[in-house]
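One-letter residues, chain by chain:
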Amino acid sequence: LKETVPGSSAAADLRINIDRLMARLFELGKIGALDGGGVSRLALTDEDKEARDRIVGWMRELGLTVHIDGIGNVIGIRAGSEEGLPVMVGSHIDTVATGGLYDGSLGVLAGLEVVQVLHDAGVTTRRPLAVAAFTNEEGARFAPDMLGSLVFTGELSLEDAYDIVSIDGERLGDELERIGYRGDASVGGLAPHRYVELHIEQGPRLEAKGITIGAVTGVQGISWTEISIQGVSNHAGTTPMRFRRDAGYAACVIGSFVRELANTIGGDQVGTVGSLELHPNLVNVMAERAKLTVDLRNTDENRLQKAEAELSAFVDRLAKEEDLKIENRKLARFEPVEFAPEMIDRVEKTARSLGLSVERLPSGAGHDAQMLATLCPTGMIFVPSAGGLSHNTKESTKPEDIEAGANVLLKMVLDLAS
Ligand code: GLV
Ligand code: MN
Ligand code: MN
């Protein structure tokens, strides 16, 4: 191995290998691949296990020491020339059921690519490096989202996390055990010096402006509520409108209220009903039961609270007017997070030093970085999403943008670990 001294001009000239990074992205994307494109790797399924095995295999090939903690976070450590807190990079490899190849996987695989570049150039950084793949970032199978990183920070106990039940009725602790990823490394035993996450933007802003790099300022607040409505099934043809206790009707009205609410609050407020189930779900039977989810987000905590209060008041009124029993259950609630100015500046400066266009923007999606931000100064690098599409099988990012983002990650890691 030739030796490259960190901080030297030879180290500054190091660049990631985009073909190798794309090859790993496509290889991981074969695990849980859907016909017609995209992937389904819901957390703690067999597909998630297979993808984890692949990541662990690549980590070992790169000489990393692999730690699996009690919530199944996979963390590969590369020793530095000195002991101390590692510079951590990472993201997640679980996906929504109709996901793409880039959401999450990019941050983990770019981390491995950074390690590979350092390995091939014979660079030993002063600080250790850590590459993390956090458990269940999506929250699509087990709520809340960012669960592995939340447990990592100590804000959710292992015991409470194990007892969470999935949308398909399985207990998280049992599923973790079943796929062999309930590890014995202590959770959060590895507090990082700094955390940096490369991720696709998942929205339209960078592409619309022709900007390559987003310096992420923070993550908006997230509020998830599950609403369960109990009415009475009855005949669709014989029941006069005034006698109905129709759970399906109530679910539809809530859906339309969520859209109006977001429009009325305006600004950054968004609102989504992403899941809706009716029972018995038949053409000529009024639904006796309905279950729906509401996802409300805002960069402003006060406005998010106002949206939650208005939704709750609307649901209470509806229950009275329609003589229904309606129950709310909080699935996730995270306040908006602002990243450390030092790290936002660093993303911006690093991108500029590589001759890349860069702009500051907040994240609309949740990320493990928002949890890590409670442990250490944290930054995020965004690259554009084609057509602003994500949580969609057609999600994609141009290789040249991925290359640019991964080079920003490489340079930040070298600077922070030197
Ligand atoms: C999770 O990543 C989300 O933003 O929904
Ligand atoms: Mn993600
Ligand atoms: Mn996602």
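Refer to the preceding data block for the structure.
Residues numbered from 1 in each chain as written. Chains lettered and ligands numbered in written order. Predicted model: local features only at pLDDT ≥ 70, side-chain atom pairs only at ≥ 80, totals over all residues. Heavy atoms only, no water.

K.L.:
Please provide a residue-by-residue account of the packing of aromatic side chains, values included.
P.N.:
Note on aromatic pairs: each is described by the distance of the centres and the angle between the planes. Taken as a whole and judged by the stated rule, the model has 3 aromatic pairs. Relative to Tyr195, the ring of Phe134 has its centre 6.2 Å away and its plane inclined at 65 degrees; by these criteria the two rings are edge-to-face. Here Tyr195 lies in strand 5 (residues 194–200) and Phe134 lies in strand 4 (residues 129–134), a separation of 61 residues in the sequence. Judged by relative accessible area, Tyr195 falls into the buried class, the value being 0%. Positioned above the aromatic ring of Trp58 is the side chain of Arg24, whose terminal nitrogen or guanidinium carbon lies 5.3 Å from the ring centre. The ring of Phe243 carries Arg242 above its face, with NZ or CZ at 4.8 Å from the centroid. (Phe/Tyr/Trp six-rings, centres within 6.5 Å; stacked < 30°, edge-to-face > 60°. Helix = DSSP H or I, 4+ residues; strand = E, 2+ residues; numbered from the N terminus. Buried < 20%, exposed > 50% of the residue type's maximum accessible area, 1.4 Å probe, protein only. Lys NZ or Arg CZ within 6 Å of the ring centre and 35° of its normal.)

K.L.:
Pulling in residues and values, what's your account of the coordination of the manganese ion (ligand 3)?
P.N.:
For the manganese ion (ligand 3), the full set of protein donor atoms is Asp103 (OD), Glu138 (OE), Glu138 (OE) and His391 (NE2), and the range of their distances to it is 2.0 to 2.4 Å. Mapped onto the sequence, the residues coordinating the manganese ion (ligand 3) show the spacing D-x34-E-x252-H. The two metals, the manganese ion (ligand 3) and the manganese ion (ligand 2), are separated by 3.7 Å and share Asp103 as a common coordinating residue. With a gap of 288 residues between them, Asp103 in the loop between strand 3 (87–92) and helix 4 (105–121) and His391 in the loop between strand 14 (378–383) and helix 13 (399–417) connect regions that are remote in the sequence. A relative accessible area of 4% means that Asp103 is categorised as buried. (Donors = N, O, S within 2.8 Å, 3.2 Å for Na, K, Ca; no water.)

K.L.:
Explain the packing of helix 2 (residues 18–29) against helix 13 to me, and be specific about the residues and the numbers.
P.N.:
In a pair of packed helices, the angle between the axes and the distance between the axes together describe the arrangement. Relative orientation of the contacting elements helix 2 and helix 13 amounts to 110 degrees, with a least axis distance of 10 Å. As summarised for this structure, helix 2 and helix 13 are arranged roughly perpendicular, according to the angle between their axes. Side by side, helix 2 and helix 13 meet where Ile18, Leu21, Met22 and Leu25 of the first sit next to Pro399, Ile402, Glu403 and Ala406 of the second. Along the lines of polarity and charge, the residues of the contact of helix 2 with helix 13 split into 7 nonpolar, no polar and 1 charged. (Axes fitted to C-alpha atoms, helices over the stretch in contact; angles between N-to-C directions. Parallel < 35°, antiparallel > 145°, perpendicular 65-115°, else oblique. Contact = heavy atoms within 4.5 Å. Nonpolar A, V, L, I, M, F, W, Y, C, P; charged D, E, K, R; others polar.)

K.L.:
Outline helix 11 (residues 341–353), supporting the account with residue identities and numerical values.
P.N.:
Here helix 11 spans 18 Å end to end across 13 residues, near enough to the 18 Å set by a 1.5 Å rise per residue. Within helix 11, the full set of buried residues consists of Met343, Ile344, Val347, Glu348, Thr350 and Ala351. End-on view of helix 11: buried residues confined to an arc of 165 degrees, all on one side of the axis. Within helix 11, the exposed residues directed more than 90 degrees away from the buried face are Pro341, Lys349 and Arg352. Following helix 11 by one or two positions, Gly355 has its phi on the positive side, about 75 degrees. (Expected span 1.5 Å × (residues − 1). Arc of directions from axis to C-beta.)

K.L.:
An account of the layout of surface pockets is requested, with residue identities and associated values reported.
P.N.:
Of the pockets and cavities examined, the second largest pocket occupies roughly 160 Å³. What lines the second largest pocket is Ser228, Ile229, Gln230, Glu277, Leu278, His279, Arg289, Ala290, Lys291, Lys325 and Glu327. When contributions to the lining of the second largest pocket are tallied by element, the ones reaching two or more residues are strand 7 (221–230), strand 9 (276–279), strand 10 (289–298) and strand 11 (325–334). (1 Å grid on protein atoms, 1.4 Å probe; cavity = no way out; pocket = protein on both sides within 12 Å on 5 of 7 lines; lining within 4 Å. Points joined across faces, edges and corners; volume = space filled by probe spheres on them.)

K.L.:
Just give me the short version of the environment of Ile229, but keep the residues and values in it.
P.N.:
Within the secondary structure, Ile229 is located in strand 7. For Ile229, a relative accessible area of 2% gives the class buried. Once the C-alpha coordinates of Ile229 and Glu327 are considered, the two residues, 98 residues apart in sequence, prove to be 6.6 Å apart. With sequence-adjacent residues up to four places away left out, Ile229 is seen in contact with Ala247, Ala250, Ala251, Ile254, Glu288, Arg289, Ala290, Leu292, Leu324, Lys325 and Ile326.

K.L.:
I'd like a rundown of the site of ligand 1, residues and numbers included.
P.N.:
Close contacts around ligand 1 come from Glu137, Glu138, Asp145, Trp224, Arg297, Ala365 and Gly366, and that covers them all. The contact in question runs from an oxygen atom of ligand 1 to an N or O atom on the side chain of Glu137, over 2.9 Å. The separation between an oxygen atom of ligand 1 and a polar side-chain atom of Arg297 is 2.8 Å. The protein chains hide 94% of the 190 Å² of surface that ligand 1 would expose on its own. Each residue belonging to the shell around ligand 1 can be placed in one class, and the counts come to 2 nonpolar, 1 polar and 4 charged. (Near = heavy atom within 4 Å. Polar contact = N/O pair within 3.5 Å; in protein donor to acceptor, adjacent residues only side chain to side chain. Areas by Shrake-Rupley, 256 points an atom, 1.4 Å probe, with all protein chains shown as cover.)

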